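Geometric and topological summary
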Amino acid sequence: PGEKETHHEREAAGVASAPRPGGGARLRRRFGHGVMKKMMGYCGISEKEMTSTRNYPYMSSRTLAKLWVGTYWSYYRETNSRSAWARGLYAHPLNSFIDRGLSTPTRSKPGWYPGGGYNVQNDGGVVLSSNGHYVVTVMSSACGQYGKLANLVRAIDGVHADMVP
């Protein structure tokens, strides 16, 4: 609050709020792997758990969930002067089936890659539930099938509601 947003932050904000294929790769080319390595360390993720090509990281859904637990922790628990700004980047992102599927506020970041041998649609984030915030991540080969993926997220939310009074 009250701090001037840097050029780097504006560029990251564009990728977070209106993602499109290649956005993450542009950020990695521009800023390197250091930020992600720092986050991996914070989340207890080894290099073996998250390998990468020149442009994209490869990880399991469990590793993606670990990244989001760390993101939640840094944005809501161990906060700093930029936490509120960063949380805002993930409010109502374009193409998030987590955000579309739930009426509860979320902070999420989708990713997709249609064609090219991948055809993936992934999403991860924090659900700001009234009975306890929680992390949800989904990695799928259901690219563009927003209705089905939103239904899946609603089912996960229903299980969470049944588990937590």
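Further up the page is the structure itself.
Before going into details, it helps to say that this report is about the structure given with it. Here the structure is a predicted model, which means the values were calculated and not measured. (Residues numbered from 1 in each chain as written. Predicted model: local features only at pLDDT ≥ 70, side-chain atom pairs only at ≥ 80, totals over all residues. Heavy atoms only, no water.)

Section: the sheet that holds strand E5 (residues 134-140)
- Pairing in this open sheet of three strands is antiparallel, and the strands run E3-E4-E5 from one edge to the other. Every other strand in the sheet has two partners, leaving strand E3 (106-113) and E5 as the edge strands with one partner each. Neighbouring strand axes in the sheet, compared pairwise and without regard to direction, differ in orientation by 5° on average.
- One ladder, built from eight bridges, connects E3 with strand E4 (residues 120-127); its direction is antiparallel. Bridge pairing in E4 places Gly 111 opposite Asn 122. (Pairing = 2+ DSSP bridges. Helix = DSSP H or I, 4+ residues; strand = E, 2+ residues; numbered from the N terminus. Axes fitted to C-alpha atoms, helices over the stretch in contact; angles between N-to-C directions.)

Points about the pairing of E4
- Of all eight residues that make up E4, seven are buried, and the element is covered over most of its length.
- With antiparallel pairing between neighbouring strands as the criterion, E3 and E4 make up a hairpin whose turn holds six residues, including Gly 115 at a positive phi of roughly 75°.
- Bridge count for E4 against E5 is seven bridges, and the pairing is antiparallel. Residue pairing across strands places Gly 124 opposite Thr 137, the latter belonging to E5. (Buried < 20%, exposed > 50% of the residue type's maximum accessible area, 1.4 Å probe, protein only.)

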